[in-house]
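# A closer look at the structure
Below are the chains, spelled out letter by letter.
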Amino acid sequence: MDALLAALADPVRRRLVSLLAERPCPVGVLAQLADARQPQTTKHLQTLERAGIVTSQRTGQRRIYALRPGPLRELAAALSRLADAADQVGGPHTTYDRYGIGVRTERLAAQEPGWADDRSFTFHRSLTERPELVWRHLTETALLARWWTPDDLRVCELVFEARPGGRIVQEYRDAEDTGDSDPVAGRAEGVVVDVSPGERLAYRLSPLLPDGRPAFTAHIDMDLRPIGAGTDLDVRWRMTDSTVESADFVAGIEIGFGQSLDKLAATLTGSADRTDRTARTDTRSAT
């Protein structure tokens, strides 16, 4: 495919391909129709022939070129598969487009400091594990790091002191930036406000702007309630101290934190599966 794309990168060669799609032609006629000199036309046709896009045969004193449709169909199919992958409903590109719309909307609204104050969001997740294990995933850094970023990001620094007045630091990078070659994707700092193990967690968290200033302050309250063998988790976000520059952050809250909670749910489901497998292995070993 690389050879095909390279051969078709030149506009003159694309014009020759278009002409040959209509009918086979000799070099001289193609040069006239493409409004090009014959020696350059010959070189372009030779490039297309090496790429497998055209074929030629000598007839008397003339060389006739014809289009080979097969490679073009293969290229079209490959490009179509790429387009279909990018166009899948609910996929990463859908999220990207949704975020872009949100950014444009919030930038128009962010005209003065405090523009988003008291903006609130609510989230609910029914989780498969008991409140005691959910609580550990909300407060223990090793477990918190597994889910506390949106999709395609990873935690690279995390401090969470699960006590009133405890410090919070969250820094994250692109998930595939394993060599830390790109700039940090984001950093937030905050403080724990209220802790009732297995029941309630409240904290304040401020994402930082590139110059180190807080973009806004998020007041986050999490309530856990046992439901059967699992837990209902309710989260309330409320913003204060919003700056004009915080628009891009605000646009991503609902999408990003929702993705994080989905990762929490998946992590807990995976934890339950691992526990079941361990229990079955222990049972077989005992027998």
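Residues numbered from 1 in each chain as written. Predicted model: local features only at pLDDT ≥ 70, side-chain atom pairs only at ≥ 80, totals over all residues. Heavy atoms only, no water.

## What about empty space enclosed by the protein?
- Counted under the stated rule, the structure contains one cavity of 30 Å³ or more.
- Lining the largest cavity, in full, are Leu-138, Leu-144, Trp-147, Trp-148, Phe-160, Leu-201, Tyr-203 and Met-222.
- The residue makeup of the lining of the largest cavity, split by class, is eight nonpolar, no polar and no charged. (1 Å grid on protein atoms, 1.4 Å probe; cavity = no way out; pocket = protein on both sides within 12 Å on 5 of 7 lines; lining within 4 Å. Points joined across faces, edges and corners; volume = space filled by probe spheres on them. Nonpolar A, V, L, I, M, F, W, Y, C, P; charged D, E, K, R; others polar.)

## Here we look at a negative patch on the surface
- Side chains of Asp-151, Asp-152, Asp-174, Glu-176 and Asp-182 sit close together on the surface and give a patch of like negative charge.
- Its place among the elements puts Asp-151 in the loop between α8 (141–144) and β5 (153–160). (Patch = residues over 30% accessible without salt bridge, like charges linked within 9 Å, V, L, I, M, F, W, Y side chains within 5 Å. Areas by Shrake-Rupley, 256 points an atom, 1.4 Å probe, with all protein chains shown as cover. Salt bridge = Lys/Arg side-chain N within 4 Å of Asp/Glu carboxyl O. Lys, Arg positive; Asp, Glu negative; His and termini not counted. Charge placed at Lys NZ, Arg CZ, Asp CG, Glu CD. Helix = DSSP H or I, 4+ residues; strand = E, 2+ residues; numbered from the N terminus.)

## Comments concerning the sheet that holds strand β6 (residues 167–174)
- Pairing in this open sheet of seven strands is antiparallel, and the strands run β4-β10-β9-β8-β7-β6-β5 from one edge to the other. The outermost strands of the open sheet, each flanked by one partner alone, are β4 (120–127) and β5. Across the sheet, the axes of successive neighbouring strands diverge by a mean angle of 20°, strand direction being ignored.
- As paired elements, β4 and strand β10 (residues 230–240) share eight bridges and run antiparallel to each other. Across the sheet, Phe-123 pairs through a bridge with Val-235, a residue of β10.
- Relative to strand β9 (residues 217–227), helix α7 (residues 131–139) is tilted by about 160°, and along the sheet it contacts β4, β5, β7 (186–196), β8 (200–207), β9 and β10. (Pairing = 2+ DSSP bridges. Axes fitted to C-alpha atoms, helices over the stretch in contact; angles between N-to-C directions. Contact = heavy atoms within 4.5 Å.)

## Remarks on α7
- In terms of burial, α7 is a largely internal element, seven of the nine residues being buried.
- Here α7 has its buried residues at Pro-131, Leu-133, Val-134, Trp-135, His-137, Leu-138 and Thr-139. (Buried < 20%, exposed > 50% of the residue type's maximum accessible area, 1.4 Å probe, protein only.)

## Structural notes on the nonpolar core
- If you look at the biggest cluster of nonpolar residues, it comprises 41 residues, and the most contacted ones within it are Trp-148 and Trp-237.
- At the level of elements, β4, α7, β5, β7, β8, β9, β10 and α9 (247–286) are the ones that each hand at least two residues to this core.
- It is α9 that provides the largest number of residues to this core, a total of seven residues.
- Those residues within four positions of Trp-237 in sequence are excluded, and the remaining contacts are Arg-119, Ser-120, Phe-121, Phe-123, Phe-216, Ala-218, His-219, Ile-220, Ile-253 and Phe-257.
- Ala-7, Leu-19, Leu-45 and Leu-67 belong to the second-largest nonpolar core, a separate cluster that totals 19 residues. (Core = buried A, V, L, I, M, F, W, Y, C linked by side-chain atoms within 4.5 Å.)

## Things to note about the sheet that holds strand β1 (residues 25–26)
- Strand order in this open sheet of three strands is β1-β3-β2, and the pairing throughout is antiparallel. Here the strands that pair on one side only, and so sit at the sheet edges, are β1 and β2 (54–59).
- Helix α2 (residues 11–22) contacts β1, β2 and β3 (62–67) of the sheet and is inclined by roughly 90° relative to β3.

## Things to note about the packing of aromatic side chains
- Using the criterion set out here, one finds five aromatic pairs in the structure.
- Ring geometry for Trp-148 against Phe-160: centres 6.0 Å apart, planes inclined by 75°, an arrangement best described as edge-to-face. Here Trp-148 is found in the loop between α8 and β5, whereas its partner Phe-160 is found in strand β5, with twelve residues between them in sequence.
- Overall, Trp-148 belongs to the buried group, its relative accessible area being 4%.
- Residue class for Phe-160 comes out buried when judged on its relative accessible area of 7%.
- Plain terms: the ring middles of Phe-160 and Tyr-203 are 5.7 Å apart, the flat faces sit at 90° to each other, and that makes the pair edge-to-face. Of this pair, Phe-160 sits in strand β5 while Tyr-203 sits in strand β8, and the two are 43 residues apart along the sequence. Taken individually, Phe-160 and Tyr-203 each receive the classification buried, so the pair is uniform in this respect.
- In textbook terms, an aromatic cluster arises when at least three aromatic residues are bridged by ring pairs, as seen for Phe-123, Trp-237 and Phe-257. (Phe/Tyr/Trp six-rings, centres within 6.5 Å; stacked < 30°, edge-to-face > 60°.)

Nothing here speaks to function; it is geometry throughout.
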